[in-house]
Amino acid sequence: MTIAWAFPGQGSQKIGMADEILSLEGSLERFELASEILGRDLLDICRGTSSRNDELGDLNDTRNTQPAMFLVSSLLLDDLKRQGRKPSFVAGHSLGELVALYAAEVFDLTQALVLLKSRSELMATVNGGAMTAILGFERAELDDLVGNTEGVVIANDNSSDQVVLSGTQKAVDYVSSKISCKRAVPLRVSGAFHSPFMQDAASSFAVKLDSVDFRDSVFPVLSNADPTPSTNAELLKERLKKQMVTGVRWREIMNFLQDEGITTFVEIGSGKVLSGLAKRSIKGISLNQVS
């Protein structure tokens with residue numbers, strides 16, 4: 001049996017997602033550590049009972065979403081490890097890449113939370129720009145439109161028939177209006193994530209990454225910026241530095257897993273988005289959700 005563990009990113013969060021995992025070993029202590037690092041009660045935010053009445057009491061604020069999603073996935077994967085489970089490969093979508101690196105023991109829990117605090121705060125400062133999901137399209141037409149329109153890129157290449165565009169509002173709207181597709185869905189985001197417009201945030205995050213010692217991974221990691229397996233600490237760090245500006249090459253990650261003969265795909269965390277993509281991308285795959 002060849003197994004891949006995959007970790008979801010933002011968009012899969014939901015109120016109450018932590019409630020069912022509080023019985024897992026170390027769960028309350030992990031939320032307490034996160035709350036100490038962040039300066040607010042993350043468990044209350046996950047439950048929707050935060051006493052704050054500003055955006056920092058909202059689970060959907062990226063400064064809360066990213067560490068909350070990480071905590072849920074990390075507790076679940078650590079429980080799998082205690083059961084003696086291990087994957088052949090790990091991968092994460094956007095934010096999920098940091099969970100994958102933690103799963104592969106590239107850095108420890110405290111280092112992960114410090115990095116997530118920095119990443120989420122930097123991304124929250126980026127204003128302007130837009131993102132739109134495009135569903136059901138011809139790849140050649142899309143590539144031609146994006147290639148000939150300044151100010152727009154493919155931020156998330158999720159599958160053969162699902163991508164997310166990112167860039168200036170004008171450029172994203174133009175491509176969305178011109179492409180022949182089943183649906184074009186504008187996303188509620190504050191900035192043009194996973195695009196060159198994130199360069200300042202990416203540069204600042206790179207400085208933070210350089211302050212953290214990465215270790216060689218115990219499982220091969222498929223990075224968003226380069227979907228080829230690696231266990232090398234410095235290479236994995238360099239790839240993570242590029243993630244904010246180069247996007248998420250999830251379609252290529254799925255193609256790699258299919259070519260490697262992956263038999264079992266395990267999505268670890270809130271939601272089933274990645275399982276749905278895997279079902280459409282990898283023939284005969286066995287799907288499991290751990291949430």
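Here the structure is a predicted model, which means the values were calculated and not measured.

(A) Spotlight on the overall build of the chain. When helices and strands are tallied, the chain shows 11 helices and nine strands. The dimensions of the chain, computed from C-alpha atoms along their principal axes, are 50 × 50 × 35 Å. Relative to its full complement of 291 residues, the chain shows a buried share of 55%. Sequence separation of 24 or more characterises 71% of the internal contacts of the chain that already satisfy a separation of 6 or more. Element-wise, carbon and sulfur atoms account for 46% of the exposed surface of the chain, whose accessible area totals about 12,700 Å². When the 30 positive and 37 negative side-chain charges of the chain are each reduced to one mean point, those points stand 4 Å apart.

(B) Structural detail: unusual backbone geometry. Although it is not a glycine, E105 adopts a positive phi angle of roughly 65°. Take E105: it is sitting in the loop between α4 (96–103) and α5 (109–124). Judged by its relative accessible area of 37%, E105 falls in the partly exposed class. Phi is positive for H194, which is not a glycine, with a value near 55°. With respect to the element layout, H194 can be found in the loop between β6 (181–186) and α8 (199–210). Accessibility expressed as a relative area gives 5% for H194, which makes it buried.

(C) Highlighting the packing of helix α1 (residues 27–38) against helix α3 (residues 62–82). Between α1 and α3, whose axes approach to 11 Å, the crossing angle comes to 155°. Between α1 and α3, the angle is such that the two are roughly antiparallel. Relative to α3, α1 is oriented so that their crossing is right-handed. Contacts between α1 and α3 involve S27, R30, F31, A34 and L38 from the former and P67, L71, S74, L75 and D78 from the latter. Residue composition of the contact of α1 with α3, by class: six nonpolar, two polar and two charged.

(D) View of the sheet that holds strand β4 (residues 152–159). Strand order in this open sheet of four strands is β4-β5-β3-β6, and the pairing throughout is antiparallel. One side of each edge strand has no neighbouring strand; the edge strands of this open sheet are β4 and β6. The mean angle between the axes of side-by-side strands here comes to 20°, regardless of whether they run parallel or antiparallel. On top of the sheet, helix α6 (residues 139–147) reaches β3 (130–137), β4 and β5 (162–167); it is set at about 155° to β4, its chief contact. Packing against the sheet, helix α7 (residues 169–178) makes contact with β3, β4, β5 and β6, and its axis sits at approximately 150° to β5.

(E) How the structure looks around the environment of R40. Within the element layout of this structure, R40 appears in the loop between α1 and α2 (42–47). For the pair R40 and N64, spaced 24 residues apart in the sequence, the C-alpha separation amounts to 9.3 Å. Once residues within four sequence positions are removed from consideration, R40 is found in contact with S35, I45, R52, L56, R63 and N64. Among the polar contacts made by the side chain of R40, one reaches the main-chain carbonyl oxygen of R63 at a distance of 3.1 Å.

(F) Representation of the nonpolar core in the model. By size, the foremost hydrophobic cluster in this structure holds 65 residues, and its most contacted members are W5, F7, F31, F70 and F214. With 18 residues, the next largest nonpolar core counts V248, L257, I282 and I285 among its residues.

(G) Structural view of the sheet that holds strand β7 (residues 221–222). Ordered in space as β7-β2-β1-β8-β9, the five strands form an open sheet in which the pairing is parallel. Both outer strands of the open sheet, β7 and β9 (286–290), are each paired with one neighbouring strand and no more. With two bridges joining them, strand β2 (residues 89–92) and β7 adopt parallel strand pairing. Paired with A91 across the two strands is L222, which belongs to β7. Here helix α10 (residues 250–259) sits on the sheet in contact with β1 (3–7), β2, β7 and β8 (264–268), set at roughly 165° to β2.

(H) Representation of the side chain of S35. Note that S35 resides in helix α1. Polar contacts involving the side chain of S35 include one to the main-chain amide nitrogen of L42, which spans 3.0 Å. Those residues in contact with S35, other than ones at most four positions away along the chain, are R40, D41, L42 and L43.

(I) Quick look at the pairing of β3. With seven of eight residues buried, β3 lies mostly within the body of the structure. Of the pairings in the sheet, the one linking β3 to β5 comprises six bridges and is antiparallel in character. Residue pairing for β5: I134 is matched across the bridge by V163. Across five bridges, the pairing between β3 and β6 is antiparallel. Within β6, the position partnered with A133 by the bridge is V185.

Parameters at a glance
- Residues numbered from 1 in each chain as written.
- Predicted model: local features only at pLDDT ≥ 70, side-chain atom pairs only at ≥ 80, totals over all residues.
- Heavy atoms only, no water.
- Helix = DSSP H or I, 4+ residues; strand = E, 2+ residues; numbered from the N terminus.
- Buried < 20%, exposed > 50% of the residue type's maximum accessible area, 1.4 Å probe, protein only.
- Contact = heavy atoms within 4.5 Å.
- Areas by Shrake-Rupley, 256 points an atom, 1.4 Å probe, with all protein chains shown as cover.
- Lys, Arg positive; Asp, Glu negative; His and termini not counted.
- Charge placed at Lys NZ, Arg CZ, Asp CG, Glu CD.
- Axes fitted to C-alpha atoms, helices over the stretch in contact; angles between N-to-C directions.
- Parallel < 35°, antiparallel > 145°, perpendicular 65-115°, else oblique.
- Left-handed = near helix turned anticlockwise from the far one by under 90°.
- Nonpolar A, V, L, I, M, F, W, Y, C, P; charged D, E, K, R; others polar.
- Pairing = 2+ DSSP bridges.
- Polar contact = N/O pair within 3.5 Å; in protein donor to acceptor, adjacent residues only side chain to side chain.
- Core = buried A, V, L, I, M, F, W, Y, C linked by side-chain atoms within 4.5 Å.

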